[in-house]
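Per-entry structural report
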Amino acid sequence: MATTNNKKSTEVFGNFSEGFGDVGERYRVLNDKLIESGKKTGNLVLDGYEKAIASYVDFRQQVADATQLDWVTTVVKAQNEFLNEVNAAYVSAVRDVLK
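Along its length, the chain carries two helices and zero strands. Every one of the 99 residues in the chain was classed for burial, and the buried ones make up 11%. Put simply, 61% of the contacts in the chain that link residues at least 6 apart link residues at least 24 apart.

Let us look at unusual backbone geometry. With a phi angle near 60°, Gln68 is a residue other than glycine that sits in the positive phi range. Tracing the backbone shows Gln68 in the loop between helix 1 (2-67) and helix 2 (70-98). Judged by relative accessible area, Gln68 falls into the exposed class, the value being 69%.

This brings us to the packing of aromatic side chains. A complete count under the given rule lists one aromatic pair for this structure. A ring pair is formed by Tyr49 and Tyr90, whose centres lie 5.6 Å apart and whose planes are at 65°; its orientation type is edge-to-face. Residue Tyr49 is located in helix 1, and its partner Tyr90 is located in helix 2; the two are separated by 41 residues in the primary sequence. When its relative accessible area of 44% is taken as the criterion, Tyr90 is described as partly exposed.

Analysis parameters
- All residue numbers refer to positions counted from 1 along the written sequence of the respective chain.
- It should be noted that, the model being predicted, local features are given only for residues of pLDDT at least 70 and side-chain atom pairs only at 80 or more, the latter also being counted only at that level, while totals for whole chains, interfaces and linings use all residues.
- Values reported for side chains reflect all heavy atoms of the structure, with hydrogen atoms and water molecules removed beforehand.
- In DSSP terms, a helix is any run of H or I states spanning at least four residues, a strand is any run of E spanning at least two, and both are numbered starting from the N terminus.
- Partly exposed residues are those whose accessible area sits between 20% and 50% of the maximum for their type, while under 20% is buried and over 50% is exposed, using a 1.4 Å probe and protein chains only.
- We call two residues in contact when some of their heavy atoms are within 4.5 Å.
- Side-chain rings of Phe, Tyr and Trp, where Trp is taken by its six-membered ring, are said to pair if the distance between their centres is within 6.5 Å; with planes under 30 degrees apart they count as stacked, over 60 as edge-to-face, and otherwise as tilted.

Nothing here speaks to function; it is geometry throughout.
Now the structure itself:
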């Protein structure tokens, strides 16, 4: 009688666990799609960030040039170069993480 109960429970739970396998696979596929979508979104955000920083640096340089003071232009140019270097390192690091 114990073997009869074991067969019945195996049949019931066997089918039950197969259903979880299908659900698990669907969740895995959904998770992969979400990760890929997040990476694409992250790269688009980084592109926008890079453009914003480039615009900011260009604006600062135009303002410095408009002052017609050599020392202001020199200081702003040095600051802009530093900002560009730090920004390039930051964006590169984030893009590596998003791969």
